[in-house]
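Now for the letters of each chain:
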Amino acid sequence: MTDVSGLSIGILGGTGDQGKGLARRFALAGLRVAIGSRSEERAREAAESIGAGATGAANAAVAAGADIVIVAVPYDGHKALLESLAAELAGKIVVDCVNPLGFDKQGAYALPVAEGSAAQQAAAVLPDSRVVAAFHHVSAVVLMDPAVDEVDLDVLVLGDDREATDTVQALAGLIPGVRGVYGGRLRNAFQVEALTANLISVNRRYKAHAGVRVTDI
Ligand SMILES: NC(=O)c1ccc[n+]([C@@H]2O[C@H](COP(=O)([O-])OP(=O)(O)OC[C@H]3O[C@@H](n4cnc5c(N)ncnc54)[C@H](OP(=O)(O)O)[C@@H]3O)[C@@H](O)[C@H]2O)c1
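None of these values were measured; they are calculated from a predicted model.

Draft legend 1. Region of the structure containing unusual backbone geometry. Although it is not a glycine, alanine 52 adopts a positive phi angle of roughly 50 degrees. You can see alanine 52 is positioned in the loop between α2 (40–50) and β3 (55–58). Positive phi, close to 70 degrees, is recorded for phenylalanine 135, a residue that is not glycine. Examined against the element boundaries, phenylalanine 135 turns out to sit in the loop between β8 (130–133) and α7 (140–144).

Listed below in structure tokens is the structure:
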């Protein structure tokens with residue numbers, strides 16, 4: 001297993017539920033975590049609310065300073081934000097957890113993405129970064145819940161750079177209960193992002209925070 005204990009993690013849009021949830025778990029695991037935001041003040045407030053040594057700064061500073069950068073912004077702002085940070089993110093592992101979803105009275109559904117998926121869109125606008133898709137199905141509510149010691153799911157990790165996917169699998173494994181499982185090349189990220197719509201339906205029907213487990217591995 002790749003050793004990720006010395007790496008620093010930056011989270012773009014880390015002021016939101018998903019970013020804060022991941023930040024909390026990685027900070028608790030002992031990693032240096034920086035929360036990014038369009039507003040330095042919001043970033044600092046979010047970092048203080050997490051504690052465990054987390055810091056906050058503007059997205060660009062976080063992108064430039066971290067070893068691994070997680071993208072946790074809504075799909076609407078995804079492409080423009082990454083285009084604006086291409087220089088800061090060059091050479092880095094960029095972990096995309098964005099689910100392009102729409103919602104109507106029937107519930108959640110997957111949106112079409114011209115590049116194929118949000119992760120492929122990230123790879124298209126960040127040609128010098130090592131884009132990995134992961135953390136699509138983990139619930140922010142569960143990540144933030146202090147009563148949940150072990151998070152019961154596998155994180156599917158997709159990408160075209162095996163060393164980068166190995167690193168992100170190890171990162172996922174720092175969250176107690178979680179296993180990072182290689183889930184294929186980036187061209188298969190659409191199904192993983194879209195499956196979130198099904199999980200949201202499961203959650204509504206069963207009043208749960210459902211995750212996925214892969215058997216026989
Ligand atoms: N929530 C979950 O359980 C969950 C689970 C798995 C995956 N995800 C994915 O993770 C991503 C974030 O989810 P979330 O629930 O945390 O979303 P969110 O709270 O709506 O947004 C996260 C942060 O993104 C920033 N942001 C909002 N609009 C932006 C824009 N146009 N450009 C740049 N930054 C913008 C905001 O930070 P500032 O205003 O501080 O810049 C906001 O706090 C989504 O793509 C979602 O599909 C979420």
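Draft legend 2. Quick look at the pattern of salt bridges. Tallying each qualifying case throughout the model produces eight salt bridges. Taking the shortest distance from any N to any O, the salt bridge between aspartate 152 and arginine 213 comes out at 2.9 Å. Taken as a pair, aspartate 152 in the loop between α7 and β9 (154–159) and arginine 213 in the segment after α9 (189–206) lie far apart in primary sequence, 61 residues in all. Classification of arginine 213 by relative accessible area gives partly exposed; the value is 40%.

Draft legend 3. A look at the environment of valine 132. Its location among the elements puts valine 132 in strand β8. The class for valine 132 is buried, based on a relative accessible area of 0%. Placed twelve residues apart in sequence, valine 132 and glutamine 120 show a C-alpha to C-alpha distance of 9.2 Å. Excluding residues within four positions of it along the chain, valine 132 makes contact with Ile93, Val94, Val95, Asp96, Val157, Leu158, Ala164, Thr165 and Val168.

Draft legend 4. View of α2. Within the span of α2, buried status applies to Ala43, Ala46, Ala47 and Ile50. Taken around the axis of α2, the buried residues stretch over an arc of 100 degrees, which confines them to a single face. Within α2, the exposed residues directed more than 90 degrees away from the buried face are Glu41, Glu48 and Ser49. The inward-facing, buried residues of α2 abut α1 (17–28), β2 (32–37) and β3. Positive backbone phi, at 70 degrees, marks glycine 51, one or two positions downstream of α2.

Draft legend 5. Structural detail: the site of the ligand. Near the ligand lie 20 residues; those nearest to it are Thr15, Ser37, Arg38, Arg42 and Val73. The contact in question runs from an oxygen atom of the ligand to an N or O atom on the backbone of arginine 38, over 2.8 Å. Protein contact buries 74% of the 890 Å² of open area that the ligand shows by itself. Assessed atom by atom at 2 Å from the grid points, the ligand resides in the largest pocket. Looking at the shell around the ligand, its residues break down into eight nonpolar, nine polar and three charged.

Draft legend 6. Spatial organisation of α1. If you check α1, its first and last C-alpha atoms are 16 Å apart, about what twelve residues at 1.5 Å a residue would give, namely 16 Å. Most of α1 is tucked away, with nine of its twelve residues classed as buried. Next to the buried residues of α1 lie β1 (8–12), β2, α2, β4 (68–71), α7 and α8 (162–172). Glycine 30 sits one or two positions beyond α1 and adopts a positive phi of about 100 degrees.

Draft legend 7. The arrangement of the layout of surface pockets in detail. The computed volume of the largest pocket comes to approximately 960 Å³. Taken together, 36 residues make up the lining of the largest pocket; nearest its centre are Gln18, Ala72, Val73, Pro74 and Asn99.

Draft legend 8. Fine view of the environment of valine 94. Mapped onto the elements, valine 94 comes out in strand β5 (residues 93–96). A relative accessible area of 0% places valine 94 in the buried class. Expressed as a C-alpha distance, the spacing of valine 94 and asparagine 203, which sit 109 residues apart in the sequence, is 28 Å. Residues contacting valine 94, with those up to four places away along its chain left out, are Val69, Val71, Leu89, Leu126, Ser129, Arg130, Val131 and Val132.

Draft legend 9. Focus on the nonpolar core. Judged by nonpolar contacts, the single largest core of 37 residues is most densely connected at Ile9, Leu22, Phe26 and Phe135. Setting aside residues no more than four positions away along its own chain, phenylalanine 26 makes contact with Ile9, Leu31, Val33, Ile70, Phe135, Leu171 and Ile175. With 25 residues, the next largest nonpolar core counts Val69, Leu82, Val181 and Val192 among its residues.

Rules of the game
Residues numbered from 1 in each chain as written. Predicted model: local features only at pLDDT ≥ 70, side-chain atom pairs only at ≥ 80, totals over all residues. Heavy atoms only, no water. Helix = DSSP H or I, 4+ residues; strand = E, 2+ residues; numbered from the N terminus. Salt bridge = Lys/Arg side-chain N within 4 Å of Asp/Glu carboxyl O. Buried < 20%, exposed > 50% of the residue type's maximum accessible area, 1.4 Å probe, protein only. Contact = heavy atoms within 4.5 Å. Arc of directions from axis to C-beta. Near = heavy atom within 4 Å. Polar contact = N/O pair within 3.5 Å; in protein donor to acceptor, adjacent residues only side chain to side chain. Areas by Shrake-Rupley, 256 points an atom, 1.4 Å probe, with all protein chains shown as cover. 1 Å grid on protein atoms, 1.4 Å probe; cavity = no way out; pocket = protein on both sides within 12 Å on 5 of 7 lines; lining within 4 Å. Sits in = over half its atoms within 2 Å of the grid points. Nonpolar A, V, L, I, M, F, W, Y, C, P; charged D, E, K, R; others polar. Expected span 1.5 Å × (residues − 1). Points joined across faces, edges and corners; volume = space filled by probe spheres on them. Core = buried A, V, L, I, M, F, W, Y, C linked by side-chain atoms within 4.5 Å.

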